[in-house]
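Residue-level listing of the chains:
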Amino acid sequence: MSDWVKFRDSVVDALRVDDVTEQVKQNVTAAILKEVLPMIENAVDGFTATTKEQAKDETGWCKLRDGIVLPLVMEGLVFVVKTVLEKTVAQTA
């Protein structure tokens, strides 16, 4: 069984509760930080590296988009989500 299937099943199991307690929310947040975000970070790193490399052959708006805008947006979103979740875990621990 792949890690993704294990993670998905653990999230589904964690969400199958009648009462969503603080501990359940902490467990889901920790699982996202531990299992999901590293996969997303790897995908974003690959995507941004590819677009930055392709930007060298582009001109005009496409060069700006591929070299700066898309990498900044993708990396910025991952940074914001990770930071918020880490601060949430730290505050509730």
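Rules and cut-offs
Residues numbered from 1 in each chain as written. Predicted model: local features only at pLDDT ≥ 70, side-chain atom pairs only at ≥ 80, totals over all residues. Heavy atoms only, no water. Helix = DSSP H or I, 4+ residues; strand = E, 2+ residues; numbered from the N terminus. Buried < 20%, exposed > 50% of the residue type's maximum accessible area, 1.4 Å probe, protein only. Contact = heavy atoms within 4.5 Å. Lys, Arg positive; Asp, Glu negative; His and termini not counted. Charge placed at Lys NZ, Arg CZ, Asp CG, Glu CD. Salt bridge = Lys/Arg side-chain N within 4 Å of Asp/Glu carboxyl O.

Caption draft 1: Examining the overall build of the protein more closely. Helix and strand counts for the protein stand at three helices and zero strands. The C-alpha extent of the protein, read off along each of the three principal axes, is 55 × 35 × 15 Å. For the protein, with 93 residues in total, the buried portion stands at 19%. Summarising the internal contacts of the protein: among those between residues at least 6 apart in sequence, 55% fall at separations of at least 24. Computing the positive centroid from 11 side-chain charges and the negative centroid from 15, the protein places the two 2 Å apart.

Caption draft 2: Region of the structure containing the pattern of salt bridges. Counted by the stated rule, this structure contains four salt bridges. Between Glu41 and Lys82 there is a salt bridge, and its shortest N-O distance comes to 3.1 Å. Residue Glu41 is located in helix 2 (residues 22-55), and its partner Lys82 is located in helix 3 (residues 60-92); the two are separated by 41 residues in the primary sequence. Across the salt bridge formed by Glu53 and Lys56, the nearest N and O atoms sit 3.2 Å from each other. For Glu53, a relative accessible area of 47% gives the class partly exposed.

Treat this as a map of the structure, not an account of what it does.
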